[in-house]
Number of protein chains: 2
Amino acid sequence: MKKIGFIGVGIMGKSMVRNLMKAGFEVGIYTRTREKAEDVILEGAIWYPDPASCARDKDCVITIVGYPKDVEEVYFGEEGILKGADPGTCLIDMTTTSPELAKRIYEEAGKKGCKAIDAPVTGGDTGAREGTLTILAGGDQEDFDRCLPVFEAMGKAIRYTGGPGNGQHTKMCNQIAIAGSIAGVCEAITYARANGLDDRNMVESIATGAAGSAQLNAQAPKILSNDFEPGFFIKHFIKDMKIAEEEAARAGVSLGVLTYIRSMYENMEENGHGDEGTQALIKYYQW
Amino acid sequence: MKKIGFIGVGIMGKSMVRNLMKAGFEVGIYTRTREKAEDVILEGAIWYPDPASCARDKDCVITIVGYPKDVEEVYFGEEGILKGADPGTCLIDMTTTSPELAKRIYEEAGKKGCKAIDAPVTGGDTGAREGTLTILAGGDQEDFDRCLPVFEAMGKAIRYTGGPGNGQHTKMCNQIAIAGSIAGVCEAITYARANGLDDRNMVESIATGAAGSAQLNAQAPKILSNDFEPGFFIKHFIKDMKIAEEEAARAGVSLGVLTYIRSMYENMEENGHGDEGTQALIKYYQW
């Protein structure tokens, strides 16, 4: 593993590219608007005009883009990755997308003699910047092992979760647990305010016990300061929750609490809050 | 503060009595069945045949019983605390009960020249045994200050949350946040199993990130081992959630996720699971 193609140089992607270069990898990038990547190009990344050329002559290709449809485009599009990638190349999709799509990429990659790993992450832009992402990888164990140095350059907790699609499935579990947590946090704060409690004192009082959570620690302070800037966009969370519901239904289970929370968030998106952070759910209770 | 009356010597109460005696307090107890308290009586606690005599000639009286109706009985009953307590005595209810009831006790205590503090706890039987309970106290600040040595003998994080009822309100916030967390944990595990993931690997993979929570850490291992023994009873959790909903409604807010989760738990109770631990919610998804 020496030469890496990287597609999707957004806030997170840029940090990941930097960490890969820092670890000694040669990184080629493709991004829709070259201007947005000028800084990492100056730092040594090689720019390509389309996914196919970015994928050519690489040991592995990493993608981290917005939505499943973007993933489909960069993989299966006319000048897509599968057109350019040489046999033996490992294709790693780190976008949070559907397990079904991950399996399809795995199959299509196989037809071209390529290998595929779905490896969505948690830890956000801070984790990407500091190289402390959690990476949830699905695919064949031998390909995972081969790509481990690449993952280690970007993340800290690197988990092999089983066959193709399982990285995405595990990420869905992550999102499902977060949904419950953030809703509980927002309802607790709503209750506290309605009943005249000092909300900050309440949060501090419950944070160290059985009600404690990463969501309470990270999001409650933002809510108390009326900071609704996106650490994680509501619109992206809705996408994830929909995938989780679809996959749950496909597997024959129904997750009522998730569905309830997703409908609240959709209501918020319809009211123009899709570009706010998930902590803005508190506003739902103020209407 | 030297002489304490203690009413409700159950699993938690017994540990609290021991910690009070260890700290040098003289403890009198009342419990419905004397036999159940023989061990702490042998260790030095003085037994009384009714709440009134247990409350007489004490600096403070602590109650930790099951349901609001039990609290009403020990305070307002014919041989209740308010009949026996001397003026100046501080009455501390550590049962999780309604903020309304806490205010009523405060008022009735005031008429007798007594003071009252509502001080529900979190941390369960382990916290009670190890003297590391979180104590959420509401009432007058001067009474709280006066009782601090008593609280410090039983707990670690001791929080003054404002006027009468606010301890209970803060405890409700705690339960509301827990409801979201545990539901998210159960839905994540349900999803994982339905989609063929290794549930233990999934839990370990998400525990250190944004989906992490005290509920995930404490309850998921029990769920994975099919251990449904009560750390906290479903029937008691339902009681708490109902109080939270009533108080939310009284304050003009509605907590949809809490209501949804409470209805799931009620369904479980109707099916005979009320005496299991809250982690048994996982069974709801298996029907």
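Residues numbered from 1 in each chain as written. Chains lettered and ligands numbered in written order. Predicted model: local features only at pLDDT ≥ 70, side-chain atom pairs only at ≥ 80, totals over all residues. Heavy atoms only, no water.

**What about the overall build of chain A?**
Phase 1: Scanning chain A from terminus to terminus reveals 13 helices and nine strands.
Phase 2: Over its C-alpha atoms chain A spans a radius of gyration of 20 Å, differing by no more than 12% from the 19 Å that the globule rule assigns to 287 residues.
Phase 3: With the C-alpha coordinates of chain A rotated into their principal frame, the extents come out at 65 × 45 × 35 Å.
Phase 4: Here chain A holds 287 residues, and 60% of them are scored as buried. (Helix = DSSP H or I, 4+ residues; strand = E, 2+ residues; numbered from the N terminus. Rg over C-alpha atoms; globule rule 2.2 N^0.38 Å. Buried < 20%, exposed > 50% of the residue type's maximum accessible area, 1.4 Å probe, protein only.)

**With respect to the sheet that holds strand β5 (residues 90–93) of chain A**
All names here are of chain A.
Phase 1: Strand order across the open sheet formed by six strands is β3-β2-β1-β4-β5-β6, with parallel pairing between neighbours. One side of each edge strand has no neighbouring strand; the edge strands of this open sheet are β3 (46–47) and β6 (115–118).
Phase 2: Sheet analysis places strand β1 (residues 3–7) next to strand β2 (residues 26–30), joined by five bridges and oriented parallel. Counted as the bridge partner of F6 is I29 from β2. (Pairing = 2+ DSSP bridges.)

**Notes on the confidence of the model for chain A**
Phase 1: Here chain A averages 96 in pLDDT, and 100% of its residues register 70 or above.
Phase 2: Across the assembled chains, the prediction reports ipTM 0.96 with pTM 0.95. (pLDDT = per-residue confidence, 0-100.)

**Topic: the interface of chain B and chain A**
Phase 1: Taken residue by residue, the interface counts 54 residues in chain B and 54 residues in chain A.
Phase 2: Interface area, chain B with chain A, both sides summed: about 4400 Å², of which 62% is carbon and sulfur.
Phase 3: One can count two salt bridges joining chain B with chain A.
Phase 4: Note that B:E204 and A:R159 form a salt bridge whose closest N and O atoms lie 3.1 Å from each other.
Phase 5: On inspection of chain B and its partner chain A, the count reaches 20 residue pairs in polar contact (both at pLDDT 80 or more).
Phase 6: Of all elements in the fold, only β8 (133–137), β9 (155–160), α9 (166–194), α10 (199–206), α11 (214–224), α12 (234–250) and α13 (256–270) of chain B reach the threshold of two or more residues within the side of chain B that touches chain A.
Phase 7: The leading source of residues in the side of chain B that touches chain A is α9(B), at 19 residues.
Phase 8: Tallied by class, residues from the side of chain B that touches chain A come to 30 nonpolar, 20 polar and four charged. (Contact = heavy atoms within 4.5 Å. Buried area = accessible area lost by both parts, 1.4 Å probe. Salt bridge = Lys/Arg side-chain N within 4 Å of Asp/Glu carboxyl O. Polar contact = N/O pair within 3.5 Å; in protein donor to acceptor, adjacent residues only side chain to side chain. Nonpolar A, V, L, I, M, F, W, Y, C, P; charged D, E, K, R; others polar.)

**Regarding the packing of aromatic side chains**
Phase 1: Following the criterion strictly, the structure yields 13 aromatic pairs over all chains and no others.
Phase 2: Consider the rings of A:Y260 and B:Y260, whose centres lie 5.7 Å apart with planes at 40°: the pair is tilted. Within this pair, whereas A:Y260 is found in helix α13 (residues 256–270), its partner B:Y260 is found in helix α13, the two belonging to separate chains.
Phase 3: The exposure class of B:Y260 is partly exposed, given its relative accessible area of 29%.
Phase 4: Three or more aromatic residues joined by ring pairs form one cluster here, namely A:F144, A:F151 and A:Y160. (Phe/Tyr/Trp six-rings, centres within 6.5 Å; stacked < 30°, edge-to-face > 60°.)

**A look at the packing of helix α10 (residues 199–206) of chain A against α9(B)**
Phase 1: The contact between α10(A) and α9(B) brings their axes to 10 Å, and the two run at 60°. With respect to α9(B), the axis of α10(A) lies oblique. For α10(A) against α9(B), the interelement crossing comes out right-handed. Listed contacts from α9(B) to A:M202, A:S205 and A:I206 of α10(A) are B:T170, B:C173, B:N174 and B:A177.
Phase 2: A breakdown of the residues in the contact of α10(A) with α9(B) according to their chemical character gives four nonpolar, three polar and no charged. (Axes fitted to C-alpha atoms, helices over the stretch in contact; angles between N-to-C directions. Parallel < 35°, antiparallel > 145°, perpendicular 65-115°, else oblique. Left-handed = near helix turned anticlockwise from the far one by under 90°.)

**Let's talk about the UniProt feature "domain: 3-hydroxyisobutyrate dehydrogenase-like NAD-binding" (unreviewed entry) in chain A**
Phase 1: Residues given the UniProt feature "domain: 3-hydroxyisobutyrate dehydrogenase-like NAD-binding" (unreviewed entry) here are residues 165–285 of chain A.
Phase 2: Structurally, residues 165–285 of chain A is divided into 66% helix and 0% strand, and its ends, taken at the C-alpha atoms, are 36 Å apart. (UniProt positions renumbered as here; feature names shortened; annotations may be inferred.)

**Section: helix α1 (residues 11–22) of chain B**
Residues and elements named next belong to chain B.
Phase 1: In a regular helix each residue adds 1.5 Å, so 12 residues correspond to 16 Å; α1 covers 17 Å between its end C-alpha atoms and thus fits that length.
Phase 2: Restricting attention to buried positions, one finds in α1 the residues G13, K14, S15, M16, V17, N19, L20 and M21.
Phase 3: Directly after α1, the chain includes G24, whose backbone phi takes a positive value near 100°. (Expected span 1.5 Å × (residues − 1).)

**A word on the packing of α9(B) against α12(B)**
Residue and element names in this part refer to chain B.
Phase 1: Between α9 and α12, whose axes approach to 9 Å, the crossing angle comes to 115°. Viewed along their axes, α9 and α12 form a crossing whose handedness is left-handed. Along the contact surface, α9 presents H169, M172, Q175, I176, I178, A179 and I182, while α12 presents F237, D240, M241, I243, A244 and E247.
Phase 2: Looking at the contact of α9 with α12 residue by residue, the class counts come to nine nonpolar, two polar and two charged.

**Quick look at the nonpolar core**
Phase 1: By size, the foremost hydrophobic cluster in this structure holds 86 residues, and its most contacted members are A:I189, A:M202, A:Y265, B:I189, B:M202 and B:Y265.
Phase 2: Contacts of A:Y265, omitting those with residues within four sequence positions, involve A:I182, A:I234, A:F237, A:I238, A:M241, A:T278 and A:L281.
Phase 3: If you look at the next biggest cluster of nonpolar residues, it comprises 34 residues, including B:A45, B:I62, B:M94 and B:I135. (Core = buried A, V, L, I, M, F, W, Y, C linked by side-chain atoms within 4.5 Å.)

**Some words on the pairing of strand β1 (residues 3–7) of chain B**
Residue and element names in this part refer to chain B.
Phase 1: For β1, the buried fraction is high: four of the five residues fall into the buried class.
Phase 2: For the handedness criterion, the β-α-β arrangement of β1, α1 and strand β2 (residues 26–30) is classed as right-handed.
Phase 3: Sheet topology places β1 next to strand β4 (residues 60–63); four bridges connect them, and they run parallel. By the bridge assignment for β4, I4 is matched with C60. (Right-handed = clockwise from strand over helix to strand, strands pointing away.)

**Observations regarding the pattern of salt bridges**
Residue and element names in this part refer to chain A.
Phase 1: All told, the structure shown has 50 salt bridges over all chains when counted by the stated rule.
Phase 2: Between E100 and R250 there is a salt bridge whose closest N-O contact spans 3.8 Å. Placement of the pair is E100 in helix α6 (residues 99–111) and R250 in helix α12 (residues 234–250), with a sequence separation of 150 residues.
Phase 3: Exposure remark for E100: the relative accessible area of 31% places this residue in the partly exposed category.
Phase 4: One salt-bridge network, in which partners are shared between bridges, spans K115, D140, E142, D143 and R146.

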